[in-house]
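Per-entry structural report
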Amino acid sequence: MSRYFLGVDGGQSSTVALIGDESGRVLGLGRAGPSNHVEAGDGRDKFIGALRECLSNACAEAGLDFERIVFASACLGFSGGPADKAALVSEAIRSERTLVTDDALVALSGALAGEPGIIVIAGTGSISFGRNGAGETARAGGWGYIYGDEGSAFWIVRQALRAALRFEEGWDYAASERLRNSLLKATGAKSANELMHRFYTSEFPRSRVAGLAKLVDAAAVAGDHVACVVMADAAEELKTLAGVVRGRLFETEDEVRVAYLGGVFASDLLLADFRELVEGAALNQVVAPLCGPAAGALLEAYRAAGVPCKLSDVPLEKP
């Protein structure tokens, strides 16, 4: 009888499931809506619904019966951590063994195909996570936008707005005028002070604020001094996150691959700075992700079952 394995990446914007056979060949991919929150309002029902939908779609593509399948092993990695979700997974998924973890582990596993190393994730927030050859893990960051998220898109915009506010108040940030005007034009605000107050309202959730990081990058590319400093500082902060994890897991003489993931790294300017800083600090090699987080979750499902394999026929996880 065939045995099947399941990997799920549950995030703030979507949930992706991959089903693989005993050889590591991916048979089906399924997508659904977000599955990161479960406690507020109808969050529990939405969470279970997203899992069932993405699994149903993956089973349909794989030619499997969603209502009857029992997986040999399943791994699910969730944004926001597993604590409030683990008890609900069994209502949507039947598996002989189930690992519920956070998104950093499955992102690392996918990015480096299950091999040791470090990943730095910088999107709306930021975090670094690593695992060494002995299976030991460590993380740095991921504290949220109030206490951390250094180098993230939200952090970049916050630093840019601070510079714009200082320009308006005469703190000798004359080079911030271009950056300030770019932020005001994009948001329709009349002043940086007005924009700051709007950022405190529901009109600008964190994801919308973070989306403005592209403007800071564009201003830096155009030569705005303060924008260049903000982007360089972001790269330095992300390098620090990687360095903290490296110091906890690896020896000085170890050669370590450091993968990157998230929208912040779409900035060629920041990525170049990050690569130079990380590779100049130790025996590191900065690499692009080999696969996505759902593939990483699938690899962790095999690992949990003691089944060594390499994935094949891995589809793109983003549509």
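Residues numbered from 1 in each chain as written. Predicted model: local features only at pLDDT ≥ 70, side-chain atom pairs only at ≥ 80, totals over all residues. Heavy atoms only, no water.

Burial analysis of strand 7 (residues 126-131) places 6 of its 6 residues in the buried class, the great majority of the element. Residues Ser126, Ser128 and Gly130 point to one face of strand 7 and Ile127, Phe129 and Arg131 to the other, with burial holding for every one of them. Bridge count between strand 6 (residues 117-122) and strand 7: 6 bridges; the pairing is antiparallel. Bridging from a neighbouring strand, Ala122 pairs with Ser126 of strand 7. Between the end of strand 6 and the start of strand 7, which pair antiparallel, lie 3 residues. As judged from the 5 bridges shared by strand 7 and strand 8 (residues 137-141), these two strands associate in the antiparallel manner. Its bridge partner being in strand 8, Ser128 is matched across the sheet by Ala140. Here strand 7 hands over to strand 8 after 5 residues, with Gly135 in that stretch at a positive phi of 85°. (Buried < 20%, exposed > 50% of the residue type's maximum accessible area, 1.4 Å probe, protein only. Helix = DSSP H or I, 4+ residues; strand = E, 2+ residues; numbered from the N terminus. Pairing = 2+ DSSP bridges.)

Across all of its chains, the model carries 0 disulfides by this definition. In this model Cys291 remains outside any disulfide bridge; the closest cysteine sulfur is found in Cys309, 12 Å from its own. For Cys309, a relative accessible area of 23% translates into the label partly exposed. (Disulfide = S-S within 2.5 Å.)

Moving on, we get to the sheet that holds strand 7. Taken together, 5 strands build an open sheet; the order of strands is 8-7-6-9-10 and the sheet is mixed. Two strands close off the open sheet at either side, each with one partner strand: strand 8 and strand 10 (284-287). When strand polarity is set aside, the average angle formed by the axes of neighbouring strands in this sheet is 20°. Sheet contacts for helix 10 (residues 268-281): strand 6, strand 9 (256-261) and strand 10; angle to strand 10, the most-contacted strand, approximately 160°. (Axes fitted to C-alpha atoms, helices over the stretch in contact; angles between N-to-C directions. Contact = heavy atoms within 4.5 Å.)

In this section: the pairing of strand 3 (residues 26-32). The buried fraction of strand 3 amounts to 6 of the 7 residues, a majority that puts the element mostly inside the structure. The pairing of strand 2 (residues 15-20) with strand 3 spans 6 bridges and is classified as antiparallel. In the strand pairing of strand 3, Gly20 is matched with Val26. Linkage of strand 2 to strand 3, two consecutive antiparallel strands, is achieved through a turn of 5 residues, within which Gly24 is found at a positive phi near 95°.

Structurally, Ser152 can be placed in the loop between strand 8 and helix 4 (153-168). Here Thr124 takes part through its backbone oxygen, which lies 3.2 Å from a polar atom of the side chain of Ser152. When near neighbours in sequence (up to four residues on either side) are disregarded, Ser152 contacts Gly123, Thr124, Gly125, Ser126 and Val264. (Polar contact = N/O pair within 3.5 Å; in protein donor to acceptor, adjacent residues only side chain to side chain.)

Ordered by their spatial adjacency, 5 strands build an open sheet running 3-2-1-4-5, and the pairing between neighbours is mixed. The strands lining the two open edges of the sheet, one partner per strand, are strand 3 and strand 5 (98-102). Strand-to-strand, the axes of this sheet are offset by a mean angle of 15°, without reference to chain direction. Here helix 11 (residues 293-304) sits on the sheet in contact with strand 1 (5-10), strand 2, strand 3 and strand 4 (73-78), set at roughly 140° to strand 1.

The values are spatial; any link to function lies outside them.
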